[in-house]
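A closer look at the structure
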Amino acid sequence: VTTARTVTIPHLGRVEGHGGITVRIAGDRIEDVNMDIHEGSRYYEALLKGKHFLEVQGIITRVCAICSANHTVAALNALENALGIEQSERIHKLRGLLLLGSMIESHSLHVFALALPDFLGHDSIISMAKDHPHEVAFALRLKQLGNRIQDAIGGRAVHPINTLVGGFGTIPTAETLRTIRSELEEALEPLMDLVDLVAGLDVPDWAAEPSIHVALRPYEDAYRLRGVAICTSRGDEFPITDYRDVVREFTVEHSHAKHAALASGESYMVGAMSRLTLWGHFLGGRAPHRLRAPVRRRGGATTSCSTTGPSWWNSSTPWSAPWSCASCSPPCPGQPARCSSIRSARGVASPPSRSRGAPCSMSTSWMRTDWWCRPTSSPPPPRTWPTPSATCASPSSACSPRTASSTIAN
Amino acid sequence: MTRSSRPVVGIFGLTGCAGDQLQILNCEDQLVEIAGEMEIAHWVMAQSENDRACDLDVGFVEGVVATERDLATLRKVRERSRFLVAIGTCAVWGGLPAMRNDMPREVLQREVYRSGGEFLDTVEARPATDFVPFDFCLPGCPMERHEFLRLVRAILAGTTPELTTKPVCHECKTRENLCPRHLLQGDVLRRHDPLRVWGPLPVPRRALRWVPGPGGRTQLRRQHRHVLGSRHRPRGDRTSHGQVLGAGLDDPRSRAGGGS
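Residues numbered from 1 in each chain as written. Chains lettered and ligands numbered in written order. Predicted model: local features only at pLDDT ≥ 70, side-chain atom pairs only at ≥ 80, totals over all residues. Heavy atoms only, no water.

What follows concerns the overall build of chain A. Check the secondary structure of chain A and you find 13 helices and 12 strands. Per-residue burial for chain A yields a buried fraction of 45% across its 410 residues. Of the contacts formed within chain A by residues at least 6 apart in sequence, a portion of 58% connects residues at least 24 apart. (Helix = DSSP H or I, 4+ residues; strand = E, 2+ residues; numbered from the N terminus. Buried < 20%, exposed > 50% of the residue type's maximum accessible area, 1.4 Å probe, protein only. Contact = heavy atoms within 4.5 Å.)

Okay, here's the thing in C-alpha cells:
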C-alpha cells in the first residue's frame, strides 16, 4: 500500500536562525526534503544603497552576530580594494587575529553548544554540563577566549566597532597581545584532549559527503582564512572578483533564504571542512599529528580522525590534494596546468596593482589610524601571488608545498 | 501556572542577527549557574526540547517583526509571559532592519531578489515594542551582558533592576578615548555647532556639586554661581549655613514674582 505523508519539523533546535524541515514520503520512499528558512527578509543589499562608506561595515557586521567579525573584515577588504588602499602588515595581521578569535568563538559555540548535545544525547549544553562538567567548562572557556580576542582587537565580542577602513581606532597594546598569546598557549593542551571526544563520535554512515569543496587559496603558503582566489576541489581557480560568475544565487519557493550553486548547477560545500580538504596540507604545528593519531571511539573501538575525514587523509605520504596533478609522478599536489590557463585567460596572473593614489581627504582628527592617508616614501611590497608552475615538471615551491608535512606524516 | 518552583523562562528570536541570544550564551562564566536557577522552557537557538505552550514567568524577545509569522509568535509569547523583556535595539527601536521603512517592501524586494521574490512573507520591519506591551527593555546592539545579568538577577530576586547612576560617557572617558565634543569646547563649539549637534555645551567639572535633593537624596547638580546663564538656578538656593545664595544677583524669576 502506497501512502503519501508529510513530516514537518517547524523549528530546528540549536540552529542560529529560523528554519524547519518538510519531508514528503510516498510509501517507503522519500520524495522530497525541503529545508525552509523562514527568517524575515532584512534586505541588506538595499539597506546599503546611498550610505556613506564609513557606515558600511557597521551595517554589514549586523548580518549575523556569530560571524560578525568576518562580515566586518570582508566589508573592509572590499572597501579598501575599491578605494585603492593597501593594508599595512600590522593591520593585515591584526585583522587575521580578529578573524581567528571569531573562529575560535564561533567554532566552539557550534561544536559544543549547538552540535555536540545531539551526539551525546543531551538537550542543550546546559544539561550536558551535568554529565560532562569539565568538557563544558573548557568549551565555555575556549569560547570566552575567542570573545576576548575579538574584544581586544575589535572593541567588543559581537559587532566589532574598533575596525575602520584603513586601520583601527585603537591598536591593541603589546601587553594585551602577550596576554592573549599566553592564554592561547594555555588552552592548547586541554583542547587536544577534547579532540578525542569529538573525533570519537559516531558519524552515521548514511551521511552524504559533499562532492565539491570550495575554499579560498590562502594568500601565503600556510593555512589561512583569507585568500586570493576561489579554488574548488575540482581544480578550478577563479579570481575573487568573479564570484558572481562562479556562484549563482537563486530563490526557491519554500525558503526565504536564497540558494546558491556553482555555475554548472552543482551544489558545493564551504567552511572549515572544505578548507581542511583543500588546504589541510598547510596545517602546521601539532595539527597534522593529531589528525592521524588514533582516538578511542565512545564504544571502545579505536579509530583515527582520518577515517572520518576526507579520504585523502588516509593516503600515505606525501599528502596529496584531492585534485593532484596527474602528469606528475609521484602526484604533485600543486595546481594542475588547467587552472593557470584559466587564470591567464582571465588576465589575473598577478594581483591588480593598487596605487596609493591621491591623498584622500577623509582624515578625521579623532580617529587614530595606523597609516591611513599617510603618504609613505616606500610603499610595502605587494603581496606575492602564488604562481603554480604550468607543467609541474620541476617541483617548485608552489608545486610541492608539502615537503615539511610529508616528513612528519606517520 | 508554572511547572516548578524555579521561574520558567523562554527566549525567543524574531527576525534579526541573533546577537542578543548570542550575548546570553556569551555570559560564559554565569551561564550554567544562571540556567540552574531558572527553568528554560523555550530557547530554540540553544536547546532542542522546547515547550511551545506552557506559561512563562519571563519571556525574552529579540529582533524585529518582519513577517506575519513573527507577529503571530510575538502575540503568542505575550499571552504566555508574565514579564516580557525586549532585548536588543531591534526589539526595542527597530534597529537596522527598520532603517529603510521609507521605501516600500516591493522596491527592496526587487532590489535583492530581482523578480523571484513574490512568495516572500514580508511586512515592514518594526520593533516588537510597537505591537505588544513590554515590561522591560534592554536596548543595545547587541545588549550589554552585564545589564542582562543584572536584570535577570533582579527578576530572580523578585525586584526590579536598579538603574545605573553613571553617565553614558563614563566608560568611554575612563578608557581615555578622545571625545569629539571635548575637542570642540567653548567658543569653538559655539561657533561650529550652533545647532547643538554634538549636544549641550560641556560644563566645567567645578560647576557641579553634590547638593541635597528631593527626598533627602544627594544629587550632582550645577552650582548656580558658576553655571552658564541663570536659568539653571535651582530652587531654594541655600548653603549649609542657611545663607540664601545669589540674593544680590539679578534674578529673572524673583523679578517676575515681584512684578505680579
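Next up on the list: the interface of chain B and chain A. Facing the 49 residues of chain B at the interface are 54 residues of chain A. Together, the buried faces of chain B and chain A total about 4700 Å²; carbon and sulfur atoms form 60% of this surface. Summed over the three residues of chain B that lose the most area to chain A, namely Cys17, Glu28 and Phe119 of chain B, the buried surface amounts to 13% of that side. Linking chain B to chain A there are 2 salt bridges. For Lys49 of chain A, the salt bridge goes to Glu111 of chain B, with nearest N and O atoms at 2.4 Å. At the boundary of chain B with chain A, the tally comes to 25 residue pairs in polar contact (both at pLDDT 80 or more). Residue contributions to the side of chain B that touches chain A peak at 6 residues, all from helix H5 (residues 105–113) of chain B. When the residues that make up the side of chain B that touches chain A are grouped by side-chain class, the tally is 26 nonpolar, 12 polar and 11 charged. (Buried area = accessible area lost by both parts, 1.4 Å probe. Salt bridge = Lys/Arg side-chain N within 4 Å of Asp/Glu carboxyl O. Polar contact = N/O pair within 3.5 Å; in protein donor to acceptor, adjacent residues only side chain to side chain. Nonpolar A, V, L, I, M, F, W, Y, C, P; charged D, E, K, R; others polar.)

This brings us to the nonpolar core. Ile125 of chain A together with Trp43, Phe60, Val85 and Phe148 of chain B are the most contacted members of the largest nonpolar core, which totals 53 residues. Not counting the four nearest positions on each side in its chain, Val85 of chain B is found in contact with Val58, Gly59, Phe60, Val61, Phe134, Phe136, Leu151 and Ile155 of chain B. One finds Leu14, Leu56, Leu84 and Val132 of chain B within the second-largest nonpolar core, a separate group that totals 18 residues. (Core = buried A, V, L, I, M, F, W, Y, C linked by side-chain atoms within 4.5 Å.)

Another point: the pairing of strand E5 (residues 81–87) of chain B. Residue and element names in this part refer to chain B. Buried residues dominate E5, accounting for 5 of its 7 residues. Two elements, strand E3 (residues 56–62) and E5, share 6 bridges in a ladder whose sense is parallel. Within the sheet, the bridge partner assigned to Val61 lies in E5 and is Ala86. Pairing of E5 with strand E7 (residues 136–138), which is carried by 3 bridges, proceeds in the parallel orientation. Bridging from a neighbouring strand, Ile87 pairs with Leu138 of E7. (Pairing = 2+ DSSP bridges.)

Here we come to unusual backbone geometry. Cis peptide bonds are those with omega within 30 degrees of zero, and the linkage from Cys141 of chain B to Pro142 of chain B qualifies with -5 degrees. Here Pro142 of chain B shows up in the loop between E7 and helix H6 (145–156). One non-glycine residue, Tyr43 of chain A, lies in the positive phi region at around 60 degrees. Of note, Tyr43 of chain A is situated in the loop between strand E3 (29–37) and helix H1 (44–48). Positive phi, close to 55 degrees, is recorded for His159 of chain A, a residue that is not glycine. Take His159 of chain A: it is sitting in the loop between helix H6 (133–154) and strand E4 (163–164). On the basis of relative accessible area, His159 of chain A is assigned to the buried category, the value being 0%.

On to the sheet that holds strand E8 (residues 237–239) of chain A. Residue and element names in this part refer to chain A. Spatial ordering of the open sheet is given by E6-E7-E8, a layout of 3 strands whose pairing is antiparallel. Every other strand in the sheet has two partners, leaving strand E6 (214–218) and E8 as the edge strands with one partner each. Along the sheet, successive strands turn relative to each other by an average axial angle of 35 degrees, direction set aside. Bridging between E6 and strand E7 (residues 227–232) involves 5 bridges; their strand directions are antiparallel. The residue bridging Leu216 from the neighbouring strand is Ile230, located in E7. In the packing of helix H9 (residues 272–279) onto the sheet, the strands contacted are E6 and E7, and the crossing angle to E6 comes to about 55 degrees. (Axes fitted to C-alpha atoms, helices over the stretch in contact; angles between N-to-C directions.)

Once that is clear, we can look at the packing of aromatic side chains. One pass over the full model with this rule turns up 4 aromatic pairs over all chains. Geometrically, the ring pair formed by Phe83 of chain B and Phe136 of chain B is tilted, given 5.9 Å between the ring centres and 35 degrees between the ring planes. Here Phe83 of chain B, found in strand E5, pairs with Phe136 of chain B, found in strand E7; they are 53 residues apart in sequence, far enough to count as distant. Under the relative-accessibility criterion, Phe83 of chain B is labelled partly exposed at 29%. Over the aromatic face of Phe168 of chain A sits the side chain of Arg95 of chain A, whose NZ or CZ is 6.0 Å from the ring centroid. (Phe/Tyr/Trp six-rings, centres within 6.5 Å; stacked < 30°, edge-to-face > 60°. Lys NZ or Arg CZ within 6 Å of the ring centre and 35° of its normal.)

When the charged atoms of two side chains with opposite charge come close together, those side chains can pair. In total, this model carries 20 salt bridges over all chains according to the counting rule given. Linking Glu31 of chain A and Arg24 of chain A is a salt bridge whose minimum nitrogen-to-oxygen distance equals 4.0 Å. Arg24 of chain A sits in the partly exposed class, given a relative accessible area of 40%. The residue Glu28 of chain B makes a salt bridge to Lys143 of chain A at a minimum N-O spacing of 3.4 Å. One end of the pair, Glu28 of chain B, is in helix H2 (residues 28–37); the other, Lys143 of chain A, is in helix H6, on a second chain. No difference in accessibility class separates Glu28 of chain B from Lys143 of chain A, as the two residues are buried. Ionic contacts of the salt-bridge type, sharing partners, join the residues Arg24, Arg29, Glu31 and Asp32 of chain A into one network.

Here the focus is the confidence of the model for chain B. Residues and elements named next belong to chain B. Scored by pLDDT, chain B comes out at a mean of 77, with 67% of its residues at no less than 70. Between the elements of chain B, mean pLDDT differs from a low of 43, seen in helix H10 (residues 252–259), to a high of 95, seen in E3. Residue range residues 224–260 is modelled with pLDDT below 50. Its contacts to residues more than four positions away, or to other chains, number 27 contacts. The ipTM assigned to the predicted complex is 0.73, against a pTM of 0.73. (pLDDT = per-residue confidence, 0-100.)

Residue and element names in this part refer to chain B. By the definition in use, this model includes 0 disulfides over all chains. Free of any disulfide, Cys17 has its nearest neighbouring cysteine sulfur in Cys141, separated by 5.9 Å. Look at Cys141 and you get partly exposed, because its relative accessible area is 26%. (Disulfide = S-S within 2.5 Å.)

Residue and element names in this part refer to chain A. At their nearest, the axes of helix H2 (residues 53–60) and helix H3 (residues 68–83) sit 8 Å apart, and the two run at 160 degrees to each other. When the axis of H2 is compared with that of H3, the two are roughly antiparallel. The crossing of H2 and H3 is right-handed. Judged by residue contacts, Phe53, Val56, Gln57 and Ile60 of H2 engage His71, Thr72, Ala75, Leu76, Leu79 and Leu83 from H3. Split into classes, the residues belonging to the contact of H2 with H3 amount to 7 nonpolar, 3 polar and no charged. (Parallel < 35°, antiparallel > 145°, perpendicular 65-115°, else oblique. Left-handed = near helix turned anticlockwise from the far one by under 90°.)

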